[in-house]
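# Chains, contacts and geometry: an overview
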Amino acid sequence: MSHDGVRLRAVMRSVVFLTAGALAVPTLASCGSDDESGKPLAAQDIAPAGRDLVADGGTLRWAVDDVPETLNTFQADADDATTRVAQAVLPAMFRLDAQGRPQRDADYLESAKVVDTEPKQVVLYKLDQQAVWSDGREIGAADFAAQWRALSGKDSAYWTARNAGYDRIEKIERGANNLEVKVTFSRPYADWKALFSPLYPKDVMGTPDAFNDGARRKLKVTAGAFSVQKVDRKDKEIVLGRNSHWWGRPAKLSQIVLAAVPLDKRAAALADGSVDLAEIDPADASRIALAGRAKGTSTPLQGATPTGKDENKNESRQKKKLSKKERKALATFLRQQDALRAFTVRRSLEPAYTQLALNGSEGPLADERVRRAVARALDRTELAKVVLKPLGLPAVPVGSHLALSGQAAYADNSGALGGQDTTEAQALLADAGWVPGGPVKDKGEKAAGSEGKKSKKSDDGAESEGGSDGQYIVGEDNKDPQDHTKKHGHGDESSKHLADGKQYDGRKVKQGGAPGAYAPKGTAAPADAKTGLLAKDGKPLALRFVLPSGTGSESLGAVADSISRMLEKVGIRTEITKVSDDSYFKDHIASGQYDLALYSWPASAFPATDARPIFAKPVPAADGSLNVEQNYTRVGTDQVDQLFDQAASTLDEDESAALVRKADARIWAAAGSIPLYQRPQLTAARRTLANAGSFGFQTPLYEDMGFLKKGATPSASPTKD
């Protein structure tokens with residue numbers, strides 16, 4: 001799934017799972033820059049074409065996960081399909097460019113800038129004189145004011161999911177004329193460009209009833225290149241049609257149909273013509289790539305069988321007579337493969353990263369030294385290769401919790417913690433009191449870590465011994481269900497940044513180089529550290545590693561296996577437990593029932609606002625519980641909170657970005673979460689479809705999407721920097 005500035009604040013209410021797999025394609029070159037923020041690691045892949053090459057008319061059928069429960073992006077149950085509709089039909093004052101940076105949308109804004117800072121910050125919006133709602137009314141101050149009042153948090157009758165930024169507005173008024181909107185803030189707000197994107201009409205925002213219910217199933221009034229023609233829950237699709245009142249570049253397509261298609265049904269939907277564009281998993285990407293090479297053949301290529309198995313490795317099975325069911329499955333598969341030749345895989349990197357989360361609320365990981373040891377045991381480059389190298393995408397580890405390469409606030413601050421160093425990890429564990437060869441209690445007694453607090457049970461409630469019912473233990477018997485490490489060599493580390501932002505080169509940092517990131521000087525790794533796993537007070541150092549088990553989780557398991565082997569080398573045992581997707585986040589991540597977990601966060605163009613809840617220090621609630629907001633690792637500091645507050649209140653963009661980078665360095669040093677890699681984005685697109693595919697950071701331009709004229713060809717895509 002894609003994420004961008006239109007719905008990042010809402011997306012952050014839920015995590016996204018890692019999906020990746022094997023697809024042999026040429027590697028895209030990563031981009032380089034002397035600037036700290038660099039460039040995106042992979043360019044967008046959308047088959048760009050000039051509008052003169054795109055035919056007028058046609059219907060694009062685009063797969064989504066489901067028909068959204070609401071068309072109001074500011075409600076708690078808004079999803080990615082909600083975002084897609086909003087992008088196509090509603091105004092946005094700013095949209096994201098290819099580097100994930102906000103840019104003025106000239107269709108709505110002539111200008112927007114801070115015109116006063118004393119005594120209060122004032123932003124003046126000058127609207128395009130042609131900007132009107134689909135009912136003919138001018139877009140104006142009344143719409144801005146209604147949205148502010150609905151999202152300010154002052155009226156609990158509005159069922160809003162968030163109010164960040166809107167709660168800092170003091171008043172909104174008309175400027176010198178109807179085209180000017182003047183917004184006065186009660187306190188400085190650096191991320192003011194995040195506001196009013198999307199902008200809903202006052203008909204939706206004007207009353208609690210209209211806000212809560214009016215835009216859930218329909219949007220009567222819009223102001224984009226498209227309008228909402230129909231929401232069909234029976235056929236599970238939303239139909240968007242050209243907006244006759246649109247003043248910008250006319251939409252090339254007559255309609256866009258957002259069709260609900262589950263991920264595991266998308267290859268079949270593409271093959272039977274039900275959809276023209278769909279984000280897919282690596283297995284389907286492999287099928288499409290193989291279909292494209294299979295022209296003129298009548299049999300499946302290696303690896304492209306109905307069961308996903310390599311038939312060439314079992315020739316005797318090919319010689320056996322197929323059953324009627326098998327013949328039917330093979331015929332269906334071959335028919336689909338033939339149809340899939342009409343499609344291509346467009347690939348980039350999502351504006352989101354996968355992290356290893358360490359639950360610091362209790363158990364061994366409550367000790368900073370143990371968390372840092374876990375981090376220092378990991379070779380993040382090798383973990384990135386597990387997911388991205390087979391897909392031909394740059395296997396570069398993410399260096400920031402708060403931005404991705406190319407975004408203004410990005411800098412590689414991982415040096416605040418340090419790179420992979422087995423000896424240093426062992427020294428940190430020794431300093432924390434974990435030693436090899438210590439007395440260990442019987443298996444029946446409780447072990448360290450959150451799993452030691454209750455019986456090992458699978459999702460159906462059955463008792464589970466190590467290695468059965470979805471759980472296996474890495475390190476207990478030196479057995480591993482899969483071995484992925486022999487495939488890769490070790491990559492070089494990139495340059496790092498210390499907590500003060502200064503850059504240094506080299507593979508190692510001397511002890512004492514970054515505050516709190518290293519064991520005290522003189523702490524040596526135990527002489528027999530390589531001889532066995534660690535224990536303390538009679539309990540082995542065992543961490544519960546919880547993973548989802550659903551579709552697309554195979555490579556997540558491969559990453560977890562690699563992490564477990566890396567941890568085993570420093571004496572840490574991992575107990576891998578796989579749970580259902582429905583249970584994974586609700587019953588484990590959000591509730592804190594894990595030690596280690598893999599999940600992803602979207603990268604925001606406004607990290608001072610959007611990332612704060614994810615890394616805020618948990619505080620006790622009135623009922624005695626712990627209010628963690630979205631900080632599911634339960635690791636936070638007052639200093640990080642203060643840096644976020646300063647960054648959000650600093651109107652100098654460079655200074656605000658520097659404060660965000662400082663906050664990120666402190667987050668690295670606390671070792672509550674370890675960014676691993678940017679998520680892959682794989683999109684199947686009909687070969688004749690232009691200006692659509694894997695968008696990367698950029699907000700799609702819906703009016704430019706369409707099918708190529710006969711004989712026209714798109715520009716080379718993606719570009720290689």
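To start, this report covers the structure provided alongside it. As the structure is a computational prediction, the values presented were derived from the model and not from experiment. (Residues numbered from 1 in each chain as written. Predicted model: local features only at pLDDT ≥ 70, side-chain atom pairs only at ≥ 80, totals over all residues. Heavy atoms only, no water.)

## Thoughts on the overall build of the chain
Formally: Helix and strand definitions follow DSSP, with helices as H or I runs of at least four residues and strands as E runs of at least two, each counted in order from the N terminus. Relative accessible area decides the class of each residue, using a 1.4 Å probe on protein chains only: under 20% of the type maximum gives buried, over 50% gives exposed, and in between gives partly exposed. The contact rule is simple, with two residues in contact once any of their heavy atoms fall within 4.5 Å. Under the convention used here, a 1.4 Å probe and the Shrake-Rupley method define accessible areas, while residue burial counts only the protein chains that appear.
Counting its regular elements, the chain contains 18 helices and 26 strands. Going through the 721 residues of the chain one by one, you find that 56% of them count as buried. Of all intrachain contacts in the chain linking residues separated by at least 6 positions in sequence, the fraction that spans at least 24 positions is 74%. Of the accessible surface of the chain, which amounts to about 29,900 Å², a share of 48% is contributed by carbon and sulfur atoms.

## Things to note about the environment of D135
Which entries qualify depends on this criterion: We call two N or O atoms a polar contact when they sit within 3.5 Å, provided that within protein one can donate a hydrogen and the other can accept it, with sequence-adjacent residues counted only if both atoms are side-chain atoms.
Following the sequence through the fold, D135 ends up in the loop between β5 (122-127) and α3 (141-151). Sequence separation between D135 and H245 is 110 residues, and the spatial gap between their C-alpha atoms is 8.1 Å. Within the local environment of D135, its side chain forms a polar contact with the backbone nitrogen of R137, the two atoms lying 3.1 Å apart.

## Here's the deal with the pattern of salt bridges
Put simply, the rule reads: By convention in these notes, a salt bridge is any Lys or Arg side-chain nitrogen within 4 Å of a carboxyl oxygen on Asp or Glu.
A full pass over the atoms with the stated rule returns 25 salt bridges. Between K252 and D56 there is a salt bridge whose closest N-O contact spans 3.2 Å. Linking K252 in the loop between β9 (237-242) and β10 (255-260) with D56 in the loop between α1 (8-11) and β1 (59-64), this pair joins segments that are 196 residues apart in sequence. A single salt-bridge network, built from bridges that share partners, covers R51, R249, E703 and D704.

## Observations regarding the packing of helix α7 (residues 282-293) against helix α9 (residues 324-339)
Quick note on the threshold: For helices, the axis comes from a line fit to the C-alpha atoms of the stretch in contact; other axes are also lines fit to C-alpha atoms, and the angle between any two N-to-C directions lies between 0 and 180 degrees. For this classification, under 35 degrees means roughly parallel, over 145 means roughly antiparallel, 65 to 115 means roughly perpendicular, and everything else is oblique.
It is the contact of α7 with α9, at a shortest axis distance of 8 Å, that shows an interaxial angle of 75°. When the interaxial angle is binned, α7 and α9 end up roughly perpendicular. Across the interface between the two elements, R287, L290 and A291 from α7 touch F333, Q336 and Q337 from α9.

## Considering the nonpolar core
Operational definition: Grouping buried Ala, Val, Leu, Ile, Met, Phe, Trp, Tyr and Cys residues that are joined through side-chain atoms within 4.5 Å yields what is termed a nonpolar core.
If you look at the biggest cluster of nonpolar residues, it comprises 72 residues, and the most contacted ones within it are M93, Y125, F196, F226 and L240. Of all the elements, α3 adds the most residues to this core, at seven residues. A278, A425, L429 and V559 belong to the second-largest nonpolar core, a separate cluster that totals 66 residues.

## What about the environment of Q229?
Mapping Q229 onto the fold places it in strand β8 (residues 226-232). You can call Q229 partly exposed: its relative accessible area is 46%. It is 9.2 Å that separates the C-alpha atoms of Q229 and Q255, two residues lying 26 residues apart in sequence. When neighbours within four sequence positions are excluded, Q229 is seen to be in contact with V239, L240, G241 and Q255. A polar contact of 3.0 Å, which involves the side chain of Q229, links it to the side chain of Q255.

## Some words on helix α12 (residues 422-431)
An α-helix turns once per 3.6 residues; consequently, residues spaced three or four apart project the same way. Every buried residue of α12 is accounted for by E424, A425, Q426, A427, L428 and L429. A distance of 3.1 Å separates the backbone nitrogen of T423 from a side-chain oxygen at the start of α12, and that oxygen is part of D421.

## Examining the sheet that holds strand β4 (residues 109-116)
We apply this condition: Two strands form a pair only when DSSP identifies at least two bridges running between them.
What the four strands build is an open sheet, ordered β4-β5-β7-β6; its pairing is antiparallel. A single partner strand is all that each edge strand has here, and the edge strands are β4 and β6 (169-174). When the angles between neighbouring strand axes are averaged without regard to direction, this sheet yields 15°. Pairing between β5 and strand β7 (residues 180-185): five bridges, direction antiparallel. Bridge pairing links V123 to V183 in β7. The sheet strands contacting α3 are β5, β6 and β7, and the helix crosses β6 at an angle near 160°.

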